[in-house]
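What follows is each chain in one-letter form.
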Amino acid sequence: MIYHQTLTELIKALRSKKISSVELTRLYLDRIHQHADLNAFITVTDTQALADAQRADQQLHQGNAPLLTGIPLAHKDLFCTQGIRTSCGSKMLDNFIAPYQATVVDKLANAGTVLLGKLNMDEFAMGSSNENSFYGAVANPWDQTKVAGGSSGGSAAAVAARLTPAATGTDTGGSIRQPAAFCGVSGLKPTYGRVSRYGMVAYASSLDQGGLFAQTAEDIAILLSVMAGFDAKDSTSVDCPVPDYHATLGNDLRGLKIGLPTVFFNANLNRDIGDCLQQALNEYQRAGAELIEIAMPMLEYAIPAYYVIACAECSANLARFDGVRYGYRCQHPQDLTDLYSRSRGEAFGTEVKRRILMGTYALSSGYYDAYYLKAQKVRRLIAEDFKQAFEQVDVIMAPVTPTTAFGIGEKVQDPIQMYLADIYTIAVNLAGLPAMSIPAGFVNQLPVGLQLIGNYFAESSLLNIAHAYQQRTNWHQLCPPAFR
Amino acid sequence: MSLSADEIKKIAHLARLSIQTENTADYAKDLSGLLDLVAQMNQLNTESILPMAHPLDQKQRLRADEVTEINQRDRFQAIAPAVEAGLYLVPKVID
């Protein structure tokens, strides 16, 4: 079936007129509606998608079409889309239609893609299970009683269930890699500053980074070449040339030095997941890579530092939601304070409130040095650990998650346990490095992800290393039985 | 480290965030747990370490002092909950 094809194959199919963009778009829209019970989408843009597809077909016919012309995809619902609701998974923005468009959305639209809709997510990207969405949890396509992961749960589930060939996401503490691992798809979080944050609703500004989900590393390479790049509208965007990520796929892995942090590969690692990862590492050894143990003791402090920095920045960023200029406003406010407090209190969910409270406390008078400043110092120690590691190795490999996808409702009562499950992903965000999750096997019929962490701006090498694995294995090709 | 329900109310006020009285005990428990987790940072001596605000230690970029934005008041106010004559409406602040 055509929906099993990768984005790379779909580009060829469109160019050789095996299928039209309208046919392809209709096929995916039908699948999205047929599988609405997954709850992967918050908004489906049928009419606009078909209009875009028609235009794409004309361009393809004329023969002057950019590479991605006619390719359907979907955006996480925190990328602002002009004229289409951007809810951020929150009651606060349930009625919000952005008056401007995210740079990422613009770039992919200009490259000819067709927007299928906006994907479900944890409210304001805060969560690891997608259960914090105002629109309800996303089900995992491999077992619908399990979570899809978060915060980009809708993106991962939609790609896994073949409801779209690719999707955007964002990763502040693991929000691309963890759902990619839970749903058995490929996900990339680029270097901080590689992809513009303009028009991305902010959660923790020094950590947030937009990225991608697709079936293969090759698909991600094609999309990243379009999506990455300097943007004057994002003050943290880095002015550094964008290579052709596709051109370096296929480079030899002989002599590649793979670092394995001993703080991750130890007795605490789940044995079944450890076995899966060992198989993957053996495959890399067969391809000529060398495995090297590295210490990295500071990684253990990533979770405490993250929950100070992320919450502090979230409390500042979310101060903009005041019930005055856009978004939800409470009924009959008594005075200005009541308007602010009740609009926010009635429209934010529990997890968002928890993090605003934590962040407000950490930044309140007298506590700044003990929390935010201390966390920023710990952050540097973590980044230094990575710096030293990359003097010895070319890439670091690690688990993505301590377990496979857990049951919907299983962890909601214990937020701290949920936070601790981000142990393998968070340090990467603090250091600002690029990282991927790629499918590396199954435990009890649920997917397991392998994490690849690269040096700053080493996306090319990361994608090549992932691609080499996907040339030798077929985990990434497997589709959940209910969606074949 | 443990926070009381009163402290939660104070923080909620600072954040201009109304929370249900029956939930304050839960927030106090969750935040206290989180503060215990955060306290692990104190195991590290960070006296001579510089704080890291940007992963690439970039400085704030400057741009030419030129007008680049046009006035879009009507577009921005079209999505506001309450406006009148080009003004955002809020409850009376001054009598």
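Draft legend 1. Geometry of the overall build of chain B. Each helix and strand counted, chain B has 3 helices and 2 strands in total. Shown N-terminal to C-terminal, the secondary structure of chain B runs as helices and strands in the order α-α-α-β-β. Viewed in the frame of its principal axes, chain B has a C-alpha envelope of about 55 × 45 × 25 Å. Across the 95 residues that make up chain B, the buried fraction comes to 18%.

Draft legend 2. Structural detail: the nonpolar core. Ranked by size, the top nonpolar core spans 175 residues in total, and within it Ala157(A), Ala305(A), Val308(A), Ile382(A) and Leu452(A) carry the most contacts. No other element matches helix H9 (residues 302-317) of chain A, which puts 11 residues into this core. Sequence-distant contacts of Ala305(A), defined by excluding residues within four places in its chain, comprise Ala375(A), Val378(A), Arg379(A), Ile382(A), Leu430(A) and Met41(B).

Draft legend 3. Quick look at the interface of chain A and chain B. Each partner contributes residues to the interface: chain A has 56 residues there, and chain B has 42 residues. Elements represented by at least two residues in the side of chain A that touches chain B include exactly H9, helix H10 (336-347), helix H11 (350-363), helix H12 (369-392) and helix H13 (415-420) of chain A. Looking at the side of chain A that touches chain B, the element that brings in the most residues is H12(A), giving 11 residues.

Draft legend 4. Spatial organisation of the pairing of strand E11 (residues 395-399) of chain A. Residues and elements named next belong to chain A. Across the 5 residues of E11, 5 count as buried, placing the element largely inside the fold. For strand E9 (residues 257-261) and E11, the ladder comprises 2 bridges, and the chain directions are parallel. Along E11, the bridge assignment pairs Ile258 with Val395. Here 4 bridges tie E11 to strand E13 (residues 446-453), and the two strands are oriented antiparallel to one another. Among the inter-strand pairings, Pro399 is bridged to a residue of E13, identified as Leu450.

Draft legend 5. Focus on the packing of H9(A) against helix H2 (residues 24-38) of chain B. The N-to-C vectors of H9(A) and H2(B) enclose an angle of 125°; their axes lie 8 Å apart at closest approach. Here H9(A) is positioned oblique relative to H2(B), judged by the angle of their axes. Each of Ile303(A), Pro304(A), Tyr307(A) and Val308(A) in H9(A) lies in contact with H2(B), whose residues at this interface are Leu34(B), Leu37(B) and Val38(B). Along the lines of polarity and charge, the residues of the contact of H9(A) with H2(B) split into 7 nonpolar, no polar and no charged.

Draft legend 6. Up close: the packing of H9(A) against H12(A). All names here are of chain A. In the contact formed by H9 and H12, the axes pass within 9 Å of each other and the chain directions differ by 130°. The angle between H9 and H12 falls in the class oblique. In terms of crossing hand, the pair formed by H9 and H12 is left-handed. Mapping the contact onto sequence places Ala302, Ala305, Val308, Ile309 and Ala312 in H9 and Tyr371, Tyr372, Ala375, Gln376, Val378, Arg379 and Ile382 in H12. The residue makeup of the contact of H9 with H12, split by class, is 10 nonpolar, 1 polar and 1 charged.

Draft legend 7. Expanded view of the environment of Glu23(A). Tracing the sequence through the fold places Glu23(A) in helix H2 (residues 21-34). Between the C-alpha atom of Glu23(A) and that of Gln392(A), which follows or precedes it by 369 residues, the distance is 50 Å.

Draft legend 8. Representation of helix H15 (residues 459-472) of chain A within the structure. All names here are of chain A. Here H15 spans 20 Å end to end across 14 residues, near enough to the 20 Å set by a 1.5 Å rise per residue. When you tally the buried positions in H15, you get 11 out of 14 residues, the bulk of the element. Within the sequence span of H15, burial applies to Glu459, Ser460, Leu462, Leu463, Asn464, Ile465, Ala466, His467, Ala468, Tyr469 and Gln470. Looking at the buried positions of H15, the neighbouring elements they touch are strand E7 (186-189), helix H7 (217-227), helix H8 (271-286), E11, strand E12 (435-443) and E13.

Draft legend 9. Representation of the environment of Val226(A). Residue and element names in this part refer to chain A. Along the chain, Val226 turns up in helix H7. Overall, the presence of 19 C-beta atoms within 10 Å leaves Val226 in the partly exposed class. Sequence separation of Val226 and Val195 is 31 residues, and the distance between their C-alpha atoms is 9.9 Å. The contacts of Val226, once residues within four sequence positions are left out, are Leu68, Lys107, Leu108 and Ala111.

Conventions used here
- Residues numbered from 1 in each chain as written.
- Chains lettered and ligands numbered in written order.
- Predicted model: local features only at pLDDT ≥ 70, side-chain atom pairs only at ≥ 80, totals over all residues.
- Helix = DSSP H or I, 4+ residues; strand = E, 2+ residues; numbered from the N terminus.
- Buried ≥ 20, exposed ≤ 12 C-beta atoms within 10 Å, placed from the backbone.
- Core = buried A, V, L, I, M, F, W, Y, C linked by C-beta atoms within 7 Å.
- Contact = placed C-beta atoms within 7 Å.
- Pairing = 2+ DSSP bridges.
- Axes fitted to C-alpha atoms, helices over the stretch in contact; angles between N-to-C directions.
- Parallel < 35°, antiparallel > 145°, perpendicular 65-115°, else oblique.
- Nonpolar A, V, L, I, M, F, W, Y, C, P; charged D, E, K, R; others polar.
- Left-handed = near helix turned anticlockwise from the far one by under 90°.
- Expected span 1.5 Å × (residues − 1).

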